[in-house]
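Structure at a glance
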Amino acid sequence: MAVKKIDKKAKKRIEKKVEKKVEKKVEKKVEKKAKKKIERKIDAKKRFAKKELERYRQKLLAERERILRELGRIAEAINESAEEQEAAKQSYSNHLADISTDYMEKEKNYYYADQEGQYLKAIEAAIERINRGEYGQCIECGDLISEKRLEAVPAAELCISCKDKKEKLERGGR
Ligand SMILES: [Zn+2]
């Protein structure tokens, strides 16, 4: 009987200890989460200086000009090949191979125009973010995107780690 009592006491003591440990662990986790939240809020306030933002704006505007010129050139090429195709149809002189080359050229140009169009949208969105004073902040986590990355990809809206995460998800991994 006495042995059982001691057993019970010991059991209770161990249970209490385990409980306390679990409690502490949960507390620590909650604390960490709260800390991260606060840190994130502080990060969200991080901004580039006005001078820096203006520099990026000039860069983005120049890039926008370049794309618009490029899109104009592609549109011209599409028109030209359409005219050529029309002329070929009328004269029957063009070799079938030439017509199919023209067709492929046209398809390529459409694809290219689509790509450039999407890039143009990204550039314009980045200019909008400059106007709102949010440029350079990752739209996912709020951290500042590194200047190195913005120099290479001025229209970037994700920091490198969020971009990697997104790409991994898109690839189906986790
Ligand atoms: Zn991020």
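Everything numeric in this text was worked out from a predicted model, so none of it was measured.

**Notes on the overall build of the chain**
Counting its regular elements, the chain contains five helices and zero strands. When the helices and strands of the chain are placed in sequence order, the string is α-α-α-α-α. Counting the 174 residues in the chain, one finds 23% classified as buried. Taking all contacts inside the chain whose residues are at least 6 apart in sequence as the whole, residues at least 24 apart take part in 66%. Element-wise, carbon and sulfur atoms account for 56% of the exposed surface of the chain, whose accessible area totals about 14500 Å².

**Some thoughts on the environment of Arg149**
By the element assignment, Arg149 lies in helix H4 (residues 147–152). Sequence-wise, Arg149 and Ile160 are eleven residues apart; in three dimensions their C-alpha atoms are separated by 7.7 Å. Of note is the side chain of Arg149, whose polar atom sits 2.9 Å from the backbone oxygen of Leu158.

**A word on a negative patch on the surface**
On the surface, Glu15, Glu19, Glu23, Glu27 and Glu31 cluster together into a patch of negative charge. Here Glu15 falls in the partly exposed class, since its relative accessible area comes to 47%.

**Section: the coordination of the zinc ion**
Where a metal carries four tetrahedral donors, each ideal angle is 109.5 degrees; where it carries six octahedral donors, the ideal angles are 90 or 180 degrees. Within the protein, the atoms that donate to the zinc ion are Cys138 (SG), Cys141 (SG), Cys159 (SG) and Cys162 (SG), at distances of 2.3 to 2.4 Å. Given four donor atoms and angles of 105 to 116° at the metal, the environment of the zinc ion is assigned as tetrahedral. Going along the chain, you hit the donors of the zinc ion in the pattern C-x2-C-x17-C-x2-C. Each member of the pair Cys159 and Cys162 is classed as buried.

**Some points on the packing of aromatic side chains**
Summed over all chains, the structure comprises two aromatic pairs. Note on Tyr56 and Tyr135: the rings are 5.2 Å apart at their centroids and 50° apart in plane angle, and the pair reads as tilted. Highlighted residues: Tyr56 in helix H2 (residues 50–91) and Tyr135 in the loop between helix H3 (96–132) and H4, separated in sequence by 79 residues. Note on accessibility: Tyr56 and Tyr135 belong to one class, buried. A connected cluster of aromatic rings, assembled from ring pairs, spans Phe48, Tyr56 and Tyr135. Sitting over the face of the ring of Tyr56, Arg55 holds its NZ or CZ atom 5.0 Å from the ring centroid.

The rules behind these values
Residues numbered from 1 in each chain as written. Predicted model: local features only at pLDDT ≥ 70, side-chain atom pairs only at ≥ 80, totals over all residues. Heavy atoms only, no water. Helix = DSSP H or I, 4+ residues; strand = E, 2+ residues; numbered from the N terminus. Buried < 20%, exposed > 50% of the residue type's maximum accessible area, 1.4 Å probe, protein only. Contact = heavy atoms within 4.5 Å. Areas by Shrake-Rupley, 256 points an atom, 1.4 Å probe, with all protein chains shown as cover. Polar contact = N/O pair within 3.5 Å; in protein donor to acceptor, adjacent residues only side chain to side chain. Patch = residues over 30% accessible without salt bridge, like charges linked within 9 Å, V, L, I, M, F, W, Y side chains within 5 Å. Salt bridge = Lys/Arg side-chain N within 4 Å of Asp/Glu carboxyl O. Lys, Arg positive; Asp, Glu negative; His and termini not counted. Charge placed at Lys NZ, Arg CZ, Asp CG, Glu CD. Donors = N, O, S within 2.8 Å, 3.2 Å for Na, K, Ca; no water. Tetrahedral: all angles 85-135°; square planar, octahedral: opposite > 155°, others 65-115°. Phe/Tyr/Trp six-rings, centres within 6.5 Å; stacked < 30°, edge-to-face > 60°. Lys NZ or Arg CZ within 6 Å of the ring centre and 35° of its normal.

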